[in-house]
Structures are given as structure tokens and as C-alpha cells.
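Structure at a glance
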Amino acid sequence: MKFQLNILNNGGDCCGSDDSREKQCGNHTGCGGCSDAPDASSRRQFLNKASTVALGSFSLTLLPMSGDLLSDEPSPDDPDGAPADAGSRTADQSDEVVYGFLVDTERCVGTGKCLTACREENNVPEGYARTWVERFVHYKDGTVQVDLVPETGFAGSDVPPIAPGLVDRAYFVPKLCNQCEDAPCNQVCPVHAAFTSPEGVELVDPDRCIGCAYCVQACPYGVRFINPETGNADKCTWCYHRIKRNETPACVEACPVDARVFGRLDDPESELRKRLAAIPTSVLKEHLGTHPKLHYVAKSGEVI
Amino acid sequence: MHASSFVFPNDPHVPWSIMIVLYPYITGLVAGAFVVSALYHVFHQDVLKPVARLALVTALCFCVFATLPLLLHLHHPERAFNIMITPSATSAMSGFGIIYNVYMLLLVVEVWLVFRPDIVALAKTTNGWPGMVYRLLSLGDREITKESRAVDEWLIRALAIGGIPAACVLHGYVGFLFGAVKANPWWSTALMPVIFLASAVVSGIAALIALYLFFCWRRKITPDADCVRAMSRYLWVSLTIAVSLEMLELVHMAYEAGAEWHAISTLLTERLAISYGVVQVLIGSVCPFLLLLLAVRPRLNPRWLTGLSGIASVLVLVQVFAMRWNVVVGGQMLSKSFRGFVEYPLHIGGREGLIAAAVILALPFVALIFASRLLPLWESGDKHVLSSKPFQPANTGNSLTTGTLTSVTNQQRTMFNEEDTADTDAFNYGAVMRNEHV
């Protein structure tokens, strides 16, 4: 995809449509997800645990497990530094912490700083992306142009600017892992390499992944890929190694306009919960029933 | 509203290569060939007797190599056994270990039981390393009694009956792998397992017609016209069902015209115009449909029959491959942004390249030729009687008859005598064919 156009805005007012918020559906407002999410989550956790225990017992009778599954020590090969107890297999879930994410498309100005921060923080190979930013340009003739923001931002690229007179509105949409409550990637993994941390973050066990790429196919949002260097499935973890240290994800920290908000969904006093309660938000591809924990402010219908 | 082309940044790296095209193609051939053998062993379609053994051995030869493309595809093949050691109950893919192994075991046992009298006889009369192989395969048995053969017959029939649902599961689950991916609208349909199953039967019958005609040509034998005609009829019926299901899926998508239909229609008309429109539909479906319609006419000259059926079979094999290609590769060409398409770069070399794919596809045929030399695929009708009906010794005594042993000795000579193998074998087989069908 060639970058043929430049962005029109030079500040926070990039949406160009003040009433766009009013057009958003009010689903999930203030609840951080569905109102029945805790119950559904409990059921799922129970089913996951039950199936894991049943299969684990069966497996143990056949062959000895690899050491990492039985040990609480962090895996030395884990690029994210995720401790072994992060998985649902051995997690102590008494301390309920659930993280969520909010992207404000009205605030994003497409600086690309989040992209560079993610690549450097997570050593993402060239040609692959754990996060990206899409630019939507609505022309007056009814066409919609979508392209990717370069890491330098359009200002630092050699992409020619768009004539403002041709455009109705334009906006940026950052994309990253949706950390779905009912994650299809987790469901289809045949070897338990895809697992959910106690905080609800989808992770990959680098010692178990066989590189079949079924999870890549199953992710509706295109955030997974096979890392050519490790041969494992790779994805955005919301910088799990950072959030375990009570830091924010690298992209959140790098964003100069607070378009990315990370926080605890279980804490009513968190900034995330307050903003979710105050404004209408929506999720991507809601009809697929994946129940993302990534929410969008002012997401237009054409964003999928 | 018109939208420009845009793909998500990870989508250009098409993760499932031609190896994942080969896997359902090979397992489809396994399932289809087994269905043909079951038609003979279970449903007593005696007209299929000339290909009954070929069908079973073909299924085994393809099944042996079915996992090879998967191993070449996995980025961590050294961890392949994780899928059997620590399977995830929620993954459709994790059923692979159980399904494949059960089916493989079933095939091995059934083939062994069908050929057991021949193996035992050959073990007694063959020297050198071939004799060692036969003695090993006979598992120490030196005599086939009437009673033991009766047990064999019961087991063969039971395995054939059990093998039909096993074959359906083996291939239906491959279709389910694709059909259950809700992220991909080109795959996500409940019809997918049924379509895969129907096309598996189609490919299995077509492969057997082609193989049977090839072996007859190689042995300078006139093919059994009744058998070819019967298989052509089965092929025509199954092809009609398979293509109808494929078209039903397409028409249903088009008629519903959901949110993703625009992207799918563009995929079919622009990106898959050749492989879908021309190869799969026109050359692979319409042409063989018409050819088979001509071929199955009762009074058709046998030469025309074999010619038309042979061409139709090869076209059908191409159709099924194209169908697998269009599903596996076509589905990945559609970006999850539904605003653009990516290209699949088919490399010539490399682990997942064209050469590797060609070698994998050739290996089952090499194995089949080897098996045809090891086991009497083309033995006389007596053997077929043995394999499906109560044991009827030609002479007194409980062991195999002298006559059978003589024929086995001839078989053995033709197998391991490199000088005049083809001529002797062709002569023997020709005599058998004349006895059976003239």
C-alpha cells in the first residue's frame, strides 16, 4: 500500500465531525465490557480449568511434562519475561486484576511514536507489527482512503499532502491486540501455547508453540503473526512484562496526546473506568462475539 | 461507498502455504479410496473387485505420507508431538493426533488381514531378504486355517464398516478446521466439512480410476469395462453432489450478500478467476461432468469408456486440488481488513516450495509401486473370494492350496526377477483377466 496522501490535521481535532460521538452506540458504557461479563468470565474460567485439569491429568500419565509447566520459575526464553505463573494453568486467581484498554480516535494525531516504542520495546521484526495506526480519509466524492501511518508519522515521511478542499473528514485509528475475553486464538491453539494470564492478557508460551499458525488464522483482527526469528506465534501483550512492574505499555507511555489509555477494568476509580463510564465506546467486530477488552472512542462504522 | 485497497500489516505474510493445500488433498484421497474399498467389502459391490485391493493399499500409501506436509509446514516440527501429549480440548486441530493414529492403525490392520494369506504363503516360499520381509509381516504365522480365515473375514468386514465413519471424521474434521474459523468469511461455513468430505470421495474414486487404468496400461491389460463403468458412475454421482454443495455455498453467500460478500466476490472474480472460475469450475467440474455422462452409457465402446473416464478422472483430480488451493490460499489472500488482498508467493525451492510439494505428492505413488511389488494387488479372483467370502479351499487340508502357492510363486518370481518382470506378470494377469471376465 502506498502512502499517497497526507494527514490534514495538526492537532487533536482530527476527526472533523463533532457529532461523531453521538453516533456511537452506547453499548458497554461504564461497565468495561458486557454487564454479564463477570459471570460469563467465571463460567469460562471454570470450563478452561476443568478441561485443562482433565487433559493435564491424562497427559501426565503418558509422558513427563516439560519442566517449565511444573515449575514456578520464569521461562528463560520468554521474550516478554512473563512469569510461568502467569498462565491459567498454575495461576492463583484470588487477586483479581483485569486490565483494559481504551483508544480515543479523536485524540490520535498519527505521530507514529507508539509504533517505534513498541518495536524497540518488544524487538518486533521488520515487516511485522504488534501495533499499527490506520488513517481513514473520507473524500468529498464518497470514497474512503485507508492507509498505514509510518513510524515517522506523515510529517516525517515523503508522502505528499492532501488538498484539504477534497476531504470531508479524516482520523487515525490505532490498532493492537484486543485481548478478547473469548479469544478465538486461544480457543484454536492445539497445544495450550496460547493462554490467558490471570489479568486477562492473552500470551504465548514460547516453549510450547509448534508454529502451526492456526491462531494467526483465527484472530479476526490480524494482530498475530509467526515471528520469523523465533518460529513462534507472536502478538501484542499490552507489554505484559511492563504492566507486571506497574508500568504502562510502551505505546501508552510514548503517546503524546493520551490517545491510548491503559488501566484496570476492575477498579472503579481508575482513569480507564471513569472514561468508559463517561463516554460512549465500542469494540471492533462485535458481531463475532469475542468480547474485546480494547475499547474505542468515536469509532466510525467503517473501522473494522 | 467505495473504499481503497488496504491490508492489515501482518496479513501479507501468508502463514499457510501449499503444504496446507496438500494435507487435505492427501487425506481426501485416503478417505475417498477407502470408501471405494468399503463399497466392495461392506456393500458387496462385486463389480469393484478388480480395484478393491488397490483401493485399500492406495489409501494406506497416501495415509503414510499425510503428515509430511504438516511437518514441513510447522515452524517447530520438533515439538509436533505436543499436539498428542498436551492437546487442548478447545482446539479442533488437537483432534488430529487421535483421529490420524486411529485411522492409520485401522488401515494397517485391514491391509494386513486382507493380504495375510498371501503374506503367509510368500513367507514359506521366498528366500533372501524378501522372504525375511514376508516372514516378518506374517508375524510368525505359517498356516492359514479355515477357522482363522473366517475370523479374518469378520474382522475385515468390521474394520471396513468402522472405517467408513473414521474416514468421514478424518476428512470432515479437516473441513471443520477451516469452517470453524469465524475470522475468515470465505472459510466460515457449516457446509465446509461436508464439502470437504464430498470432494474427498470424488478425488478418491478419480484417483483409483486413473491408477487402475495406468496399471492396466503398464501391464498391457485390457481394463475391466464393467469396473471402470461402475466407478465412473460413482464418480459422476459424487462429483455432482460435491459441486452442488460447493455451488450452494457460493450461491448462499451471494444471495445473503452479507458485509463481506463484496470482498469475496472480488476475490473470486479478480484474484481467483483462473484457479476458481476456469480450473475448478469449468475444466475441473463441467468438463468431467459431461465426459462422464458420455462414458457411463451402457453400450459405449470400452476403449471410449476408458479414454473418457481416464481424462475425466485426471480433470477431477485437478479440480479437487484447485478446490483445496482456492480454499486454503484463497482464504488467506483476503485480508482481515476486508479492504484489500495479498499475494501468495509460491516459491520453487525451500521447505514449503513447489519442488518439496511435488516430491511429497510423488511419494505415495512410489510407495504404491513398491507395495504393488511386495503384495499381490493384481492376484487372481480366488484371492478376492478369500477376502470377502467364507474360506473355500480348493483341495483338502487346512492350509492354502498348492494351486495358490504356485500362483504365489509365480508372483514372487515376477516381483523379484528384474529381467522379464513385465512380460511374465502381464501374461499371468492377462490369463486371470480372461478367466474372470471373458
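Residues numbered from 1 in each chain as written. Chains lettered and ligands numbered in written order. Predicted model: local features only at pLDDT ≥ 70, side-chain atom pairs only at ≥ 80, totals over all residues.

Points about the overall build of chain B
Within chain B, the secondary structure is distributed over 16 helices and zero strands. The proportion of buried residues among the 438 residues of chain B is 49%. Looking at chain B alone, contacts between residues at least 24 apart form 78% of all its contacts between residues at least 6 apart. (Helix = DSSP H or I, 4+ residues; strand = E, 2+ residues; numbered from the N terminus. Buried ≥ 20, exposed ≤ 12 C-beta atoms within 10 Å, placed from the backbone. Contact = placed C-beta atoms within 7 Å.)

With respect to the nonpolar core
Residue and element names in this part refer to chain B. Grouped together as the largest cluster of nonpolar side chains are 201 residues, with contacts concentrated most on Val-30, Leu-208 and Leu-235. At 18 residues, helix α1 (residues 18-41) tops the list of elements feeding residues into this core. Counting contributing residues per domain, this core is built from domain 1 (18-180 + 345-437) and domain 2 (224-339), each supplying no fewer than three. In contact with Val-30, not counting residues within four places along its chain, are Ala-59, Phe-62, Cys-63, Ala-66 and Leu-170. (Core = buried A, V, L, I, M, F, W, Y, C linked by C-beta atoms within 7 Å. Domains from an automatic or database assignment.)

Things to note about the sheet that holds strand β3 (residues 144-148) of chain A
Sheet strands pair by backbone hydrogen bonding; their relative direction is either parallel or antiparallel. Residues and elements named next belong to chain A. Strand order in the open sheet formed by three strands is β3-β2-β4, with antiparallel pairing between adjacent strands. In this open sheet, the two edge strands, each paired with only one partner strand, are β3 and β4 (167-175). The sheet shows a mean angle of 15 degrees between the axes of neighbouring strands, direction not considered. (Pairing = 2+ DSSP bridges. Axes fitted to C-alpha atoms, helices over the stretch in contact; angles between N-to-C directions.)

Side note on the confidence of the model for chain A
Residues and elements named next belong to chain A. In the predicted model, chain A carries a mean pLDDT of 78, and 69% of its residues have values of at least 70. Counted against residues more than four places away or in other chains, residues 1-41, with its pLDDT under 50, gives 81 contacts. Under a pLDDT of 50 for its full length, residues 55-94 has, in the predicted model, 54 contacts with residues more than four places off or in other chains. (pLDDT = per-residue confidence, 0-100.)

Some points on the domain arrangement of chain B
Residue and element names in this part refer to chain B. According to the domain assignment, chain B consists of domain 1 (18-180 + 345-437) and domain 2 (224-339). With 11 residues of domain 1 at the contact, the number on the domain 2 side is 12 residues. Here the element with the most residues in the side of domain 1 that touches domain 2 is α1; it accounts for five residues. Residue classes in the side of domain 1 that touches domain 2 are distributed as nine nonpolar, two polar and no charged. (Nonpolar A, V, L, I, M, F, W, Y, C, P; charged D, E, K, R; others polar.)

Let's talk about the pairing of strand β2 (residues 132-139) of chain A
All names here are of chain A. Within β2, six of the eight residues are buried, which leaves it mostly tucked inside the rest of the structure. As paired elements, β2 and β3 share five bridges and run antiparallel to each other. The residue of β3 that forms the bridge with Val-137 is Gln-145. In textbook terms, the turn of a hairpin is the stretch between consecutive antiparallel strands, and for β2 and β3 this stretch comprises four residues, one of which, Gly-142, has a positive phi near 95 degrees.

Here we look at the packing of helix α5 (residues 96-125) of chain B against helix α7 (residues 146-179) of chain B
Residue and element names in this part refer to chain B. Contact geometry of α5 with α7 gives a least axis separation of 9 Å together with a crossing angle of 150 degrees. Considering the angle they form, α5 stands roughly antiparallel to α7. Our pair here, α5 against α7, has a crossing hand that is left-handed. The segment α5 lies against α7, with Ile-99, Val-102, Tyr-103, Leu-106, Val-109, Glu-110, Leu-113, Val-114 and Arg-116 engaging Asp-152, Leu-155, Ile-156, Leu-159, Ala-160, Gly-162, Gly-163, Ala-166, Val-169, Leu-170 and Tyr-173. Taken together, the residues that form the contact of α5 with α7 break down as 15 nonpolar, two polar and three charged. (Parallel < 35°, antiparallel > 145°, perpendicular 65-115°, else oblique. Left-handed = near helix turned anticlockwise from the far one by under 90°.)

Points about the interface of chain B and chain A
Taken residue by residue, the interface counts 39 residues in chain B and 42 residues in chain A. Residues of the side of chain B that touches chain A, tallied by class, amount to 19 nonpolar, 15 polar and five charged.

Some details on the sheet that holds strand β10 (residues 281-282) of chain A
All names here are of chain A. As summarised here, the arrangement of the four strands in space is β9-β1-β11-β10, forming an open sheet in which the pairing is mixed. Of all strands in the sheet, those with a lone pairing partner are β9 (260-264) and β10, marking the two edges. Pairing of strand β1 (residues 99-104) with strand β11 (residues 294-297) involves four bridges; the strand directions are parallel. Across the sheet, residue Phe-101 finds its bridge partner in β11, namely Leu-294.

Digging into helix α12 (residues 302-333) of chain B
Residue and element names in this part refer to chain B. Compared with an ideal rise of 1.5 Å per residue, which puts 32 residues at 46 Å, α12 spans 44 Å between its outermost C-alpha atoms and is within 8% of the ideal. For α12, the principal kink sits at Asn-326 and spans about 25 degrees. Taking burial as the measure, the 32 residues of α12 include 25 buried ones, the bulk of the element. (Expected span 1.5 Å × (residues − 1). Bend = angle between axes of the 7 residues up to and from the residue.)

As for the environment of Met-333 of chain B
All names here are of chain B. The residue Met-333 is located in helix α12 in this model. Along the primary structure Met-333 and Val-7 are separated by 326 residues, whereas in three dimensions their C-alpha atoms are 9.9 Å apart. Residues in contact with Met-333, not counting those within four places in the same chain, are Leu-267, Arg-271, Phe-341, Val-342 and Tyr-344.

Quick look at the environment of Gly-289 of chain A
Note that Gly-289 of chain A resides in the loop between β10 and β11. Counting along the chain gives 172 residues from Gly-289 of chain A to Ala-117 of chain A, while the straight-line C-alpha distance between them is 31 Å.

A closer look at unusual backbone geometry
One non-glycine residue, Asn-123 of chain A, adopts positive backbone phi at about 55 degrees. The topology assignment puts Asn-123 of chain A in the loop between α4 (113-122) and β2. Of note in the backbone geometry, Lys-220 of chain B takes a positive phi value of approximately 55 degrees without being a glycine. Look at Lys-220 of chain B and you get partly exposed, because 13 C-beta atoms sit within 10 Å.

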